[in-house]
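Inside the fold
Spelled out from the first residue to the last, the chains are:
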Amino acid sequence: MPIDAKVVHQVATLARLHVDPSEEPRLVKELTAILSYVEQLQALDVSGIEPTSQVGEGAKAPLREDQVKPCDVRDEALAQAPDRDGDYFRVPQVV
Amino acid sequence: MSRKPDVLETAESIGHAVRKRERSAVEVARVFVERAERSAPRLQTYLHRDAERTLAMAADVDRRVQAGETLSPLAGVPIALKDNLCTHGVPTTCGSRILEGYLPPYDAHVVERLRAAGAVFTGKTNCDEFAMGSSTENSAYFPTRNPWDLERVPGGSSGGSAATVAALEASLSLGSDTGGSVRQPAAFCGVFGLKPTYGAVSRYGLVAFASSLDQIGPFARTARDVALLFNEICGRDERDMTSRAEAKPIDLEGLERGVKGMKIGIPRDLLSDGVDPEISASLDRVTKTLREEGAVVIDVTLPHARYSIATYYLIAPAEASSNLARYDGVRYGFRAKSEDLQTMYASTRGKGFGREVRRRILLGTYALSAGYYDAYYLRAMKVRTLVRRDFDQALQLTDAILLPTTPTPPFKLGEKVDDPLAMYLNDIFSIPASLAGAPALSFPSGKTRSGLPIGLQLVGKPFEEGTLLRVARTWEKKSGDPLGVPPIVNGGGRA
Amino acid sequence: MSATRPAPESPSKTETAPTAGRYETVVGLEVHAQLKTASKIFCSCSTKFGARPNTQVCPVCLGLPGVLPVLNERAVRFAVMTGIAVGGTIATRSVFARKNYFYPDLPKGYQISQYDRPLSSGGQVEIQVGGAWKRIGLVRIHLEEDAGKSLHPEGRQGVNTTLVDLNRSGVPLIEIVSEPEIRSGNEAYDYLIRLKQILVYLDVCDGNMEEGSLRCDANVSVRPRGQTAFGTKTEIKNMNSFRNVERAIAFETERQIALLESGGRVVQETLLWNADKGKAEPMRSKEEAHDYRYFPEPDLLPLDLEPRWIESVRKDLPELPYQVRERLTRDFGIPEYDAEVLTETRALASYYEEVARRSGSAKLASNWIMTEVNGIRNKQGQSIEEFPIRPDRLGMLVKMIAEEKISGKIGKQLFEMMLTRPEDPEALVKSQGLLPIDDEASLRALAREVIAANPGPAAEVRAGKERTFAFLVGQAMKQSRGRAHPEKIQAALKKELEAT
């Protein structure tokens, strides 16, 4: 799987991760190495095998009753906000 | 070697002494706090320590003892917590700059349980950033050192939790294990480390790395102590839908029953890939002893286990890339100043996350992205099924599987940091059990000629942590205490 | 018992697309409905609308480090009820999935939704097109969580910020996706009205677009009539009422046709409806193609529903609109049109039933409600629950009219009074002196009075001018304030006129 700087940037954009141009060669090298390593999985015959997304499946977890429970973390939580405007979290404009 | 055991040596004896009022919790806490004052600056085991708070917690336990309350076996026991466990009002950074100064407004489930039990917290231990790593060198703050050789790594990601118990700065500790992050540092630091069955311990309040793999696990210096701590934290929590009622406390006396008639399996096929000869030799010694004690040791195969690393390094980063999306500078943690939102996101995360974390986020995002999902993530999930089946089959023939925890003894700081793949290959023996969701225990089995700890691993059937501890306890009794205590505890230690 | 009527053949051949002529409009609608649970889908915070910002939050819906989702049982039940009501197939196993994207009001950086394996598949909503029923197929219904709210206030010195309120984060939603079988804005409007009606009848959603408990996005394309391949579609968002959905679709249809006619091509893009301008405009920011990187949610086990449980939900399902309509037409013999109007809400249908039973006159009851009651309600903006005349009392009134105890006119007077006076019509008739005059003696006396007061017209009538008779009748009604029996007073007048 060819990974180049362009792909790294595309993925970095999806992940909202700034990648400095100086890091590109290293990342290309590392990701290429890792993806080459995981290529070995392609050799396996997985036809008819169900994927495991949760090892706990089959367990019966009861669902939560629809009841309101008060929670008083809002002040502590808002206090952690890097920027706020009264009751709101504030961020730079979305555009 | 039979010397009179110090009452502070095990959590079990501390607990007894405190409840019987032979020692006050404050007295006990002071000993551990003073030790930490001496060794922690050199070992760098803690990201957050507050001696006053620790002593205050101990004083509180003494009050409860005086009031005649019936207390848990862990009351008064000094316990350290990995810094990815949420502690209300106490800094929880996960070893990352992006959460520098973050104070959770709630306690993790396990923290709640331990508080109620009267545990005395010694502090928040250092770890690889967001639990990603095998050496604790990925902590954004500083690396932790191995108490047995300060030039070497303690393992990771729960390096701080392992080292602090090994160095007797705490009697017990909690870490988290996703691909080996409790077991491997346990082996490197010469202590016991348990990764419970997936779902045995609630993950509510454990900062998520890879949700389908993460489990909180205890570190201790004896098998019985592991059980004591496990018992206090296991079981269904309604706040974690993946936690299971099947997880029941272990009967401590059952650990003394020996291994007569038990069947132990060794996956020879997996061991063909390069194991350090001293570790192999240790495995042989333990095998011999277990046979002498009446266990039947047979060969088993785990044909797909060799694909575990590849499988894991697709699944875990994929889940992590999603779990770490919430660190966006909007509601908490670090935020890079910017004029617009997209730049804010990108610089916050670019600056706030370290190299390994960024690498894994990129890898995971790629593995999930359009066009690649089938070839990578989906395929990995299918191989995971094959690995699980291997374990199911092997465990139909055996009560437990025995194998090394790591392929090598503890390596030197800086040795593998620049080669991520080389670092990942350390996990060859620990990842398979993680993929299967099976309980897995690393126990100290000896040391290398140069005095470094060796650990071996037992993997069992779901919810049979007790079986694993029983085998380890048998070895523990037979082996005596080969390691002793690291020199740093008494002011020594190579540095 | 099947949950829906046997459906007519679909798609209907009756086309009422406004693009008569060369093009056909193809519309699919995605509707998001907030479920009326007390607590959120994955945590126990309240879902109440209108609370002070960031007061209905907890670590889970704030997306703090270390939290986990716990699924609300009632949200599942409501979603299953909806699936059954539209005739969908309920999956015995459905899977939650993460939809990953970054937005300030999406605290975890992903939305927990369903992707490959939704809760319900298939089903339909029937709409009326030109007097005939048309089936609009549904693709699926799935459960997901709502995001919070972002506000974009104008800042000082051009420094703009976005404010985030997470009260709404985690409110349960169902997403209802239709097949692209809608053919016009009108059809879309009817689809939305009827879908909302089903949701409100089930009491799973308030269906209020203005408050945001119901939201709609439209996918619109056109194609030359007769072509089976789809044209390029655009997505329209930001329509805040059913009428705006209708208008937006009409606008976009015209725009696309004009574009194609002039040799252009339709570009796949997302447009925002601007209700003030009456236009759909491309979003300002360059739309990056979304790669949501869906994968199964590892913090939730697959949702396994026992067939027996699904059956029990089916059995307990409240009557659906079409079932109430059928029942009313069957039991009361009223026309379909009436049944349609009277089942606008379940409460109105119940109101009607009581009036019909009390009055013993199904059609008259229907007329009264459709005309008089609804007339007042529309003027006052009242729901039937707020309407001041109790159904038993209205029933009594209608009965009095049906039995000819009072005239329709008197009935209307009483009706007016009853709007502000909570009294039985029988009592009111007496206390207001509105008892009908229909005994011979009183009518004759009244006739004599009217003739005496109007000698000229009386003479004309006697002389043979029949048209003036109506005037005398009118006078008699006026004099008696409508109480005189209409036919009998005529007979009385005739007799008195002859007598002198």
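The shown structure was predicted, so the numbers you read here are calculated from the model rather than taken from an experiment.

**Describing helix α11 (residues 408-420) of chain C**
Residue and element names in this part refer to chain C. Taking 1.5 Å of rise per residue, 13 residues should cover 18 Å, and α11 covers 19 Å from first to last C-alpha, within 8% of that figure. Taken as a whole, α11 has its buried residues at I410, G411, L414, F415, M417, M418 and L419. The secondary structure elements touched by the buried residues of α11 are α9 (362-380), α10 (391-402) and α12 (425-431).

**Things to note about the domain arrangement of chain C**
By the assigned domains, chain C splits into domain 1 (28-152 + 161-220 + 284-314), domain 2 (319-431) and domain 3 (440-499). Relative to domain 3 of chain C, the C-alpha centre of domain 1 of chain C lies at a distance of 69 Å.

**A few points about the interface of chain A and chain B**
In this assembly, 54 residues from chain A lie in contact with 68 residues from chain B. Summed over both sides, the interface between chain A and chain B buries roughly 5300 Å², with carbon and sulfur atoms accounting for 67% of that surface. Across the pair R359 of chain B and E30 of chain A runs a salt bridge whose closest N-O atoms are separated by 2.6 Å. Run the count over chain A and chain B and you get 19 residue pairs in polar contact (both at pLDDT 80 or more). At the level of elements, α1 (5-14), α2 (24-38), α3 (74-79) and β2 (88-92) of chain A are the ones that each hand at least two residues to the side of chain A that touches chain B. When residues of the side of chain A that touches chain B are assigned to their parent elements, the largest contribution, nine residues, is made by α2 of chain A. By residue class, the composition of the side of chain A that touches chain B is 35 nonpolar, nine polar and ten charged.

**Section: the side chain of E187 of chain C**
Within the secondary structure, E187 of chain C sits in helix α3 (residues 185-202). Looking at E187 of chain C, its side chain comes within polar contact range of the side chain of K134 of chain C, at 2.8 Å.

**Here's the deal with the sheet that holds strand β8 (residues 296-300) of chain B**
Residues and elements named next belong to chain B. On the basis of which strands lie adjacent, the open sheet formed by eleven strands has the order β1-β3-β2-β4-β6-β5-β10-β11-β9-β7-β8 and mixed pairing. Looking at which strands have only one partner, the edges of the open sheet turn out to be β1 (46-48) and β8. Along the sheet, successive strands turn relative to each other by an average axial angle of 30°, direction set aside. The pairing of strand β2 (residues 78-82) with strand β4 (residues 172-177) spans three bridges and is classified as parallel. For I79, the partnering residue across the bridge sits in β4 and is L172. The sheet strands contacting helix α5 (residues 159-166) are β1, β2, β3 (120-125), β4 and β6 (215-220), and the helix crosses β4 at an angle near 155°.

The rules behind these values
Residues numbered from 1 in each chain as written. Chains lettered and ligands numbered in written order. Predicted model: local features only at pLDDT ≥ 70, side-chain atom pairs only at ≥ 80, totals over all residues. Heavy atoms only, no water. Helix = DSSP H or I, 4+ residues; strand = E, 2+ residues; numbered from the N terminus. Expected span 1.5 Å × (residues − 1). Buried < 20%, exposed > 50% of the residue type's maximum accessible area, 1.4 Å probe, protein only. Contact = heavy atoms within 4.5 Å. Domains from an automatic or database assignment. Buried area = accessible area lost by both parts, 1.4 Å probe. Salt bridge = Lys/Arg side-chain N within 4 Å of Asp/Glu carboxyl O. Polar contact = N/O pair within 3.5 Å; in protein donor to acceptor, adjacent residues only side chain to side chain. Nonpolar A, V, L, I, M, F, W, Y, C, P; charged D, E, K, R; others polar. Pairing = 2+ DSSP bridges. Axes fitted to C-alpha atoms, helices over the stretch in contact; angles between N-to-C directions.

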